[in-house]
Amino acid sequence: MSADNTSTAATDVVIATRESRLALWQAEHVRDRLAAELGLRAQLLGMTTRGDQILDRSLSKVGGKGLFVKELETALENGQARLAVHSLKDVPMDLPPGFALAAILEREDPRDAFVSNQYDQLAALPQGACVGTSSLRRVVQLKAQRPDLRIEPLRGNLDTRLRKLDEGGYDAIVLAAAGLKRLGLASRIRALFDVAQMIPAAGQGALGLEVREDDESLQQALARLSHRPTWLATHAERAVSRSLGGSCSVPLAAHATWPTPGQLHLAVALGDGENTLLPLLKAEVQAEVADTEAAEALGRLAAARLRESGAARYLAHLGG
């Protein structure tokens, strides 16, 4: 940062982060980019969130993914920190008043990973095999391919989930490829699900940088780190979820790609969280997208297509 634009760097930027190994990697990555690209010094403030503490129940039963961000937002609100780094898929679709997403970094591999010590891929699992995941989105898509599988909850940080697999609790588990790759654990991946086979979650693989809305100087600085194709794609994905009242209790998948420059393609799928054997509802839409408004409009269109296919019945028990 030039000498005549150092107001933001007058004090260290404190970054609020969860204390899992993956969350710390993500926060350190952002800290290093702040220094290298913006000339900003930063230090980390590690925090334990409710989502990290409650491991005996699925997120959909205890308040959703917002449990991973609330404590970090409190640190922003009371001035302990100026920036929070999140896995974007953990960030609720509507931020509380007074907060803003200042940037979304370029996405890592958005796909889901099949991890097993015995089997090479999903199709190789024996009848009735036990697969670990606590994501309803993954549950309904796994059941669509292999209704015979026994799917059991799997909570905890990445290392904890891998340990539970290694201890023999599961025949296989499904994890986000991005986290494994970021922590140098790509060798644990036996197979990657094609995005058409297992549509990722909205925002999967991307990092979101959250600040106070009134911290305009930091917002302007961080905007330089934002990756515009990822920003637009993830805004389209998040708009689908927002339109359908998306949360952890909605088994919704949404993934946007750029097949040609300027054209954004969005694939979505919705299952029923209570009857996971009901057929998946799917839709695909594509349009020219040049700004956030157009990206979000594409997301709303995809949500409308799901509603036309009968989404209301799948969402009825949620009040959707």
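Scroll up to find the structure.
Residues numbered from 1 in each chain as written. Predicted model: local features only at pLDDT ≥ 70, side-chain atom pairs only at ≥ 80, totals over all residues. Heavy atoms only, no water.

Colleague: Before we go on, may I ask you to explain the sheet that holds strand E13 (residues 281-288) in this structure?
Modeller: Sheet strands pair via backbone hydrogen bonds, and the direction of the pair is either parallel or antiparallel. Across the sheet, three strands lie side by side as E11-E12-E13; this open sheet has antiparallel pairing. Edge positions in the sheet fall to strand E11 (252-260) and E13, since each of these pairs with one other strand and no more. Across the sheet, the axes of successive neighbouring strands diverge by a mean angle of 15°, strand direction being ignored. Inspection of the sheet shows strand E12 (residues 263-270) paired to E13 by eight bridges, in the antiparallel sense. (Pairing = 2+ DSSP bridges. Helix = DSSP H or I, 4+ residues; strand = E, 2+ residues; numbered from the N terminus. Axes fitted to C-alpha atoms, helices over the stretch in contact; angles between N-to-C directions.)

Colleague: What exactly am I supposed to notice about the pattern of salt bridges here?
Modeller: Pairs may arise between side chains of opposite charge once their charged atoms sit close together. One pass over the structure, following the stated rule, counts 18 salt bridges. For Glu-37, the salt bridge is made with Arg-33, and the minimal N-O distance between the two is 2.7 Å. With a gap of four residues between them, Glu-37 and Arg-33 both fall in helix H1 (residues 21-38), about one helical turn apart. For Glu-37, a relative accessible area of 36% corresponds to the partly exposed category. The partner of Asp-214 in a salt bridge is Arg-212, and the shortest N-O contact between them spans 3.3 Å. Of the residues examined, Asp-214 reaches a relative accessible area of 60% and is grouped as exposed. For Arg-212, a relative accessible area of 23% puts it in the partly exposed group. It is possible to trace a salt-bridge network through shared partners that takes in Asp-109, Arg-111 and Lys-181. (Salt bridge = Lys/Arg side-chain N within 4 Å of Asp/Glu carboxyl O. Buried < 20%, exposed > 50% of the residue type's maximum accessible area, 1.4 Å probe, protein only.)

Colleague: Got a minute to help me understand the environment of Leu-252 in this structure?
Modeller: Inspection of the secondary structure puts Leu-252 in strand E11. For the pair formed by Leu-252 and Val-240, sequence separation is twelve residues and the distance between their alpha carbons is 8.8 Å. Setting aside anything within four residues of it in sequence, one finds Leu-252 in contact with Arg-137, Val-240, Ser-241, Leu-244, Ala-269, Leu-270 and Leu-306. (Contact = heavy atoms within 4.5 Å.)

Colleague: It is not clear to me how the packing of helix H9 (residues 228-243) against helix H10 (residues 292-308) should be interpreted in this structure. Could you clarify?
Modeller: Each pair of packed helices gets described by two things: the angle between the helix axes and the distance between those axes. At a minimum axis distance of 7 Å, the contact between H9 and H10 shows a crossing angle of 40°. With respect to each other, H9 and H10 are oriented oblique. Here H9 and H10 pass one another in a crossing that is right-handed. Between H9, through Trp-231, Leu-232, His-235, Ala-236, Ala-239, Val-240, Arg-242 and Ser-243, and H10, the contact on the second element is made entirely by Thr-292, Ala-295, Glu-296, Gly-299, Arg-300, Ala-302, Ala-303 and Arg-307. Here the residues of the contact of H9 with H10 sort into eight nonpolar, four polar and four charged. (Parallel < 35°, antiparallel > 145°, perpendicular 65-115°, else oblique. Left-handed = near helix turned anticlockwise from the far one by under 90°. Nonpolar A, V, L, I, M, F, W, Y, C, P; charged D, E, K, R; others polar.)

Colleague: Help me out: how do you make sense of the nonpolar core in this one?
Modeller: Nonpolar side chains in soluble globular proteins generally cluster together in the buried interior. Counting 32 residues, the largest nonpolar core has Val-240, Leu-266, Val-268, Leu-270 and Leu-306 as its most contacted members. The set of elements that each furnish at least two residues to this core consists of strand E4 (99-104), H9, E11, E12, E13, H10 and helix H11 (311-315). Look past the residues within four positions of Leu-270 in its chain and what remains in contact with it is Val-250, Pro-251, Leu-252, Pro-279, Leu-280, Leu-281, Leu-306, Ala-311, Tyr-314 and Leu-315. In terms of nonpolar packing, the next biggest core, distinct from the first, is built from 20 residues, Leu-38, Leu-83, Val-85 and Ala-103 among them. (Core = buried A, V, L, I, M, F, W, Y, C linked by side-chain atoms within 4.5 Å.)

Colleague: I would appreciate a short explanation of H10 in the present structure.
Modeller: A turn of α-helix holds 3.6 residues, and therefore any two residues three or four places apart point the same way. For H10, with 17 residues, the first-to-last C-alpha span of 24 Å sits near the 24 Å given by 1.5 Å per residue. Of all the positions in H10, only Ala-295, Leu-298, Gly-299, Ala-302, Ala-303 and Leu-306 are classed as buried. The buried residues of H10 occupy an angular sector of 140° when the element is viewed end-on, so they sit on one face. For H10, the exposed residues lying more than 90 degrees away from the buried face are Glu-293 and Glu-308. Those residues of H10 hidden inside the fold are in contact with H9, E11, E12, E13 and H11. Gly-310 lies just past H10 and shows a positive phi near 110°. (Expected span 1.5 Å × (residues − 1). Arc of directions from axis to C-beta.)

Colleague: Can you walk me through the sheet that holds strand E10 (residues 207-212) in this structure?
Modeller: As summarised here, the arrangement of the five strands in space is E2-E1-E3-E10-E4, forming an open sheet in which the pairing is mixed. Sheet topology places strand E2 (42-47) and E4 at the edges, where each strand pairs with a single neighbour. Recorded for the sheet is a direction-independent mean angle of 30° between the axes of neighbouring strands. Of the strand pairs in this sheet, strand E3 (residues 83-87) and E10 are connected by four bridges, and their pairing is antiparallel. By the bridge assignment, Ala-84 is partnered in E10 with Glu-210. Across the sheet, H1 lies against strand E1 (13-18), E2, E3 and E10, angled at about 160° from E1, the strand it touches most.

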